[in-house]
Amino acid sequence: MVERHNAPRIAAGWVAKVGSANERPGITGIAHLFEHMMFKGTRSIGSKNPKRDLQIITEQEAIREQMRQEERKIREMLRRGEIPDMINPENMTPRWRELNAKFQKLVEEQRKLLVKNEFSKIYSEAGATQLNAFTTEDMTVYFVSLPANKLELWMWMESERILHPVFREFYSEREVVMEERRLRVEATPLGRHYEQFGAMFWNSVPYKWPVIGWPSDLLSISKADADEFFATYYTPQNITLVLVGDFNPREVERLTRKYFERIPRGKIDPPDVVTIEMPSVAEKRMYAQAECNPQIEILWHTVPFAHKDSYALSILATLLSGPSGRLHRKLVLKDQLATSIWVNQASQRWAGAFNIGAEIRDGIPPEKVEEAIYEILESIKREGVQEYELQKAKNKLLATQYRKLEDNFQIMLTLLIHEGQGNWREVNERFQKLQVVTSDDVQRVAQTYFKRENRLVGIFTRKNPDN
Amino acid sequence: MKIRMLTFRLLTCCILLTLCTTTNSASIPKRPEQLKFKPLNYTPPDPLKHRFTLKSGPTVYLVQDNTIPIVQITIFVKAGEYLEPTNLTGLAELTSTLLVEGGTSKHSADEIDEMVDFLGAILTCSCGSLYSTVSLNILSQHLTNALELLREILATPAFQEDRLKIVKQRVIQEMAQRNDNSSSIESREAMFLAYGTNSWVSRLPTRQTIEAITQDDLIKFHQHWYWPSNFVVAVSGDFQSNQILAMLEVMFSSWPFRGEQPPLPPTNFTFAPPAIYMVHKQVNQARVRIIMPNSIKWGDPEHFAAIIMNHIFGGGGLTSRLFNRVRSDEGLAYSVYSYLALVDPLFPRPFEISLQTKSRTTARALALVFEEIEEIRKRSVSNEELQRAKEYLIGRLSDAFSTPHAIASTFAQDELSGRFQLNSNYWKDYISNIQRVTASDVLNVAKRVLDTNHALILIVGDKPEIFRGHPDYNVHITNFVSGRVVDLPLRDPFTLLPIPETK
C-alpha cells in the first residue's frame, strides 16, 4: 500500500506471478489467453441464468472435444501437405464444419443469456478508468483506477474473479487473440522477424516462444488446459495486491482480509522454473530482408533480475545511451553511420539480455556500424569509463526513479512489475545498489558479458519490393 | 550553467500486505450493487485559480505539488504546421526539432545535450498541425538553470547547419518507411479522404520540400511565431507559485525580437465522395476505417449528447456496443472503436470507426458495424445504458485531473484552442451538462453524426482475399455505402505521387 492523498482516486492492481515462461510447447499463449478470460465474468457476473450458462459450457466442451479429435486428423493432413493451412475454412473437414455449426448454435443460445461484458460495465459505471491487464514472459498484471469511494467495489470484484471465474466465450476469445496476433505480429513489417529473433536467442530458458503464443497452439488450447493452468498459478500464494492513492491503510487491511482471506491457499505451491540458461558456445547471426529501413540489433546474454551484476549493466546501458552518450556522439553525430541508437539492459525473472540497436544510415554497410559499436565496447573493456560519465548515468537513473513516483498509476505499475520479476522491495533497494557502482565494476561487466560467443546479431535490410 | 554532482536519497517506503488464510466472509453481498459507497462529490479544478498572465505576454497555468522533487515545464507555441508555406512543408516541424537539437547562441548543440543529460533532465519538442511544444522535465533543485536554458533555446536558437543536415537526412530516411506498415498507409489515406490531399491537416512533407528548407527558412519561421505573445506555459510540480511567477516574468521579458499574431487556420476542407476506397497490400489482416463528415464542433448545443452517444456506440472501450458485437460476440477483431474528436471550436472533425480483422471476415465485420449504426439511429438507448455512460463520464473526471501535469496541460490546451475563451466554465458545468442529456437527445444526435449517406470506407489489405469473403457469412464487401469500389494506388514514399501499377 502506498497512501497518497493528492486526488480522490486509487490505482489498484494485482500481479499473478505467471507468464509465458510457465507454459510448455502445445499450450504457448495460454497465460495471455487467460488474461483475456479473466474479463469474462464470474458465477454471479455476466449471465442472466448462471445455471443454464454452466450447462451450456459443459455441452460446448463435449462438442469441442469431438472437434479436437477431428483437428488431430486435419493437423495430420497439414503435415502430409494435403492442405496448406488450418486457418482458411475450406481446409477443414466436412465433419469438423458440421460440429462447428452445432457448436455455433450453443454459442447463440448462450449469447441470449449473457449480460455482455458485465464485469467491465460494473467498473465503468463506477467511474473506473484504465481497466486493463497485460501479460509478459514473467507475470500477468490486472489493474484499474477508481474513484476513492469505490475501494470496496475493487475488493469485491477482484476477489470474486479469482474465487469464482467463469470462462465464458472461451473459443470466440481465442479468435480475438488470433486477431491480436495478426495486429501486433503477423501484419506488421518486423513482427515475425522479432519473434524468430527471440526464438534464436534463448538457448534453454522458456523465453523461446512469444508471449502471445504460436498460432497452432492458440487454436488447440482447450478450456480444460485453462482450468488446470488457473488452479496451478492463480493461488493466493502466487498473487500480490498493490494499492496506491487516497485511502486509509487500516480500511484497506480490513477489507482485504474480509474479501481475500476467503480464497483458499493452493494445495501446492506453483512449480519453480528449474531450467537455467545454457551458456552459448558460438555467435549466432540472422540476416533478414524485410519491409523496413536498414537496422542492426545485437543481443548479449547477461543476468536476471536483482543479479549482483545487473546494476553495473544498467549503469553501462545508461551511459551508452542518450543524446550525449558515447554511441550517439560517435555513430550518429560524428561519423554519421546511423540515424538513431537504442541501448537497454533487460533483466527478466529467469534470465537477462543486453541490447544495442541502431537504424543504419542509407548507403552505409551494416557491418561497418556493427564494427563501430564493438570498438566502443572494446575501449570500455580496456580503459573503463570516466567518473564524470558514471555520475551522469547515476543522475539520470535517479531522476528516472523520481519520475516513476509522479502519479499513482506509475507507482502501482512499478511495484507490480518489480514484484512480478521477483521482489517489490527491489524498488527501494535498487537505487542504493546503483549508486555504489564503480568504474571498475562497469569495466568488469563489459569484459564478462561482451564476448563474441555470447551474442546474437540481427541485420535487417530493405526487401526490394519487385522481388 | 553550472553542473554539480548530485546525491539523493529515495523517499518512498512501501508496505506489502501479506495474505493469511482464515475465513470471514459472512457479510459479503452476493452482487456488487448491494455494496454501499460514501458519496464522493468531486469538483474539477478551476482554471481561473491556476491562470496567470505575465506582463511579458504569455498566459501561464501553475499547478504546485511539492511531494516529488520534479518540475515539468511545457511551452505551447502557436507555431503549428498550418503556418508553413506548402512548398516548405515540414518547416514547422524542423524548426521545432532544431530548437532542441540545434544549439543556441551561447551553447553548442553538443554542450546542451551534455548539460541536459548530466542533470538527468528530459528536453523534448513536438510539432502538430495547430501548435508546437517545447518541454523540460527536471529535478526541482535545477529550476533556475532550467528556466535559463529554456529561454536560451526559445529566444536565441542557433539552428546549427551541421545539425540541420543530420536532421534533414533523418527525416528523409524516415519517409522510406511510409508504405511498410499497413497502419501508416491507412492513417495517411484517411486524412487525405477526410480533408483533401492539400489541406494543412493532411498534407505531408516530401523529399523535395525537406530538401528545399534552409537554415534561413528556420530563422524566419522562428522569428515570426516564437515570441512570448504566442506562448501558453504550463508548469507543474515542486516550486513555490509566487517565486516561479517572478522567475517566469524575467524569463520572457525583453525578447530579442517582435513576432506576429498568427492568422486563424482555414477551415474549407474537401470530403471525398462516398465509396469503398481500397489500398491493396499483402497482409493477412485488413485495416478498416469508416469515415463520416460530422457537423458537430466543440461547443455545439449537442456537444454533450454527442459525447454520450459516442461512448455508448463505440467510444466506451470494453463496454461499447461495437466492442460487444464485433469483438466479444464474434471474435472478429481485437480492436474496434469509434472516435469523435470534439476539440476544435473552429471546425468539426469527421466521425470515425476503426477495426482490424482477418481479410476474409472484413465484410462480416462491416455488416455488424452497419447494423449497430442502424440500431442507434433508429431506437433510443435504454435508460440503463444512458445512466451507465453518465456515471462513467462523470466518475472519470477525477482521473483526467489526477496529476498536476494533467491539470496544467489540459488548461493550457483549452487556452490555446480558444475553448477557454469561449467558455471558461466548461469543466465546472461538465457534470450538470452530462446529467441533462436525455435518451431522445442521444437519438437525435446519432441521426446527425452517423451520416450513412455520406459515409466512406477505407480498407487497406489483401484485396482478393477481402473480396473472397467467408463461406459462413452471406455478405459481400460491395454491400456497403454506394458499393462503388475505388482502388487507391500506393504512393511513392518520397514524392507521395501515385505509383503506376506494374502488371
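Being a predicted model, the structure only gives us computed values, none of them experimental. (Residues numbered from 1 in each chain as written. Chains lettered and ligands numbered in written order. Predicted model: local features only at pLDDT ≥ 70, side-chain atom pairs only at ≥ 80, totals over all residues. Heavy atoms only, no water.)

### Focus on the overall build of chain B
Link 1 in the chain: A count of helical and extended segments in chain B gives 19 helices and 12 strands.
Link 2 in the chain: For 503 residues, the compact-globule estimate of 2.2 N^0.38 gives 23 Å, and the C-alpha radius of gyration of chain B, at 26 Å, lies within 12% of that figure.
Link 3 in the chain: The buried share of chain B, taken over its 503 residues, is 59%.
Link 4 in the chain: When the accessible surface of chain B is totalled, it reaches about 21100 Å², and 51% of it is carbon and sulfur. (Helix = DSSP H or I, 4+ residues; strand = E, 2+ residues; numbered from the N terminus. Rg over C-alpha atoms; globule rule 2.2 N^0.38 Å. Buried < 20%, exposed > 50% of the residue type's maximum accessible area, 1.4 Å probe, protein only. Areas by Shrake-Rupley, 256 points an atom, 1.4 Å probe, with all protein chains shown as cover.)

### A word on the sheet that holds strand β7 (residues 295–301) of chain A
Residue and element names in this part refer to chain A.
Link 1 in the chain: With mixed pairing, the 5 strands of this open sheet are ordered in space as β6-β10-β7-β9-β8. Looking along the sheet, the strands with just one partner apiece sit at the ends: β6 (284–290) and β8 (338–347). Averaged over neighbouring strand pairs, the angle between their axes works out to 10° when direction is ignored.
Link 2 in the chain: Two strands pair when backbone bridges link them, and β7 and strand β10 (residues 455–462) are joined in this way by 6 bridges, in the antiparallel orientation. Bridge pairing in β10 links I298 to V457. (Pairing = 2+ DSSP bridges. Axes fitted to C-alpha atoms, helices over the stretch in contact; angles between N-to-C directions.)

### Examining the interface of chain A and chain B
Link 1 in the chain: Across the boundary between the two partners, chain A contributes 102 residues, which contact 96 residues of chain B.
Link 2 in the chain: For the chain A and chain B pair, buried surface summed over both sides reaches about 8900 Å², with 56% attributable to carbon and sulfur atoms.
Link 3 in the chain: Scanning the region where chain A abuts chain B turns up 15 salt bridges.
Link 4 in the chain: Put simply, D329(B) and K116(A) hold a salt bridge, and the shortest N to O gap is 2.5 Å. (Contact = heavy atoms within 4.5 Å. Buried area = accessible area lost by both parts, 1.4 Å probe. Salt bridge = Lys/Arg side-chain N within 4 Å of Asp/Glu carboxyl O.)

### Digging into the domain arrangement of chain B
Residue and element names in this part refer to chain B.
Link 1 in the chain: Domain annotation for chain B reports domain 1 (48–252) and domain 2 (276–487).
Link 2 in the chain: The straight-line distance from the C-alpha centre of domain 1 to that of domain 2 is 31 Å.
Link 3 in the chain: Listed by partner, the interface residues are 33 residues for domain 1 and 27 residues for domain 2.
Link 4 in the chain: Carbon and sulfur atoms make up 72% of the area that domain 1 and domain 2 hide from each other, which totals about 2600 Å².
Link 5 in the chain: When the area that domain 1 buries against domain 2 is broken down by residue, the three leading residues are Y61, E186 and L193, summing to 25%.
Link 6 in the chain: On inspection of domain 1 and its partner domain 2, the count reaches 3 salt bridges.
Link 7 in the chain: With a closest N to O distance of 2.6 Å, R287 and E186 form a salt bridge.
Link 8 in the chain: Run the count over domain 1 and domain 2 and you get 7 residue pairs in polar contact (both at pLDDT 80 or more).
Link 9 in the chain: Of all the secondary-structure elements, those providing two or more residues to the side of domain 1 that touches domain 2 are α1 (47–50), β2 (59–64), β3 (70–77), α6 (182–195) and β6 (231–237). (Domains from an automatic or database assignment. Polar contact = N/O pair within 3.5 Å; in protein donor to acceptor, adjacent residues only side chain to side chain.)

### A word on the domain arrangement of chain A
All names here are of chain A.
Link 1 in the chain: The assigned domain composition of chain A is domain 1 (2–46 + 115–260) and domain 2 (284–462).
Link 2 in the chain: Just the C-alpha atoms count here: the centres of domain 1 and domain 2 sit 29 Å apart.
Link 3 in the chain: Contact residues are listed per partner, giving 36 residues for domain 1 and 37 residues for domain 2.
Link 4 in the chain: Overall, the association of domain 1 and domain 2 removes approximately 3200 Å² of surface from exposure, summing both partners, and the carbon and sulfur fraction of that is 71%.
Link 5 in the chain: Of all residues in domain 1, F197, M200 and F201 bury the most surface against domain 2, accounting for 22% of the area lost on that side.
Link 6 in the chain: For the pair domain 1 and domain 2, the number of links is 1 salt bridge.
Link 7 in the chain: A salt bridge links E419 to K17; the nearest nitrogen and oxygen atoms lie 3.1 Å apart.
Link 8 in the chain: Taken together, the links from domain 1 to domain 2 amount to 15 residue pairs in polar contact (both at pLDDT 80 or more).
Link 9 in the chain: The set of elements that each furnish at least two residues to the side of domain 1 that touches domain 2 consists of β2 (9–16), β3 (129–135), β4 (140–147), α7 (191–201) and β5 (239–245).

### Comments concerning the side chain of R68(A)
Residues and elements named next belong to chain A.
Link 1 in the chain: Mapped onto the elements, R68 comes out in helix α2 (residues 50–79).
Link 2 in the chain: Given the relative accessible area of 18%, R68 is considered buried.
Link 3 in the chain: A polar atom in the side chain of R68 sits 3.4 Å from the side chain of E61.
Link 4 in the chain: In this view, R68 contacts E61, Y171, S220 and S222; residues no more than four positions away in its chain are not counted.

### Digging into the environment of L99(B)
Residue and element names in this part refer to chain B.
Link 1 in the chain: Among the structural elements, L99 can be located in helix α2 (residues 91–101).
Link 2 in the chain: Of the residues examined, L99 reaches a relative accessible area of 1% and is grouped as buried.
Link 3 in the chain: Sequence separation between L99 and H222 is 123 residues; the distance between their C-alpha atoms is 9.1 Å.
Link 4 in the chain: For L99, the residues in contact, after removing those within four places along its chain, are V134, I153, L154, P157, F159, H222 and Y226.

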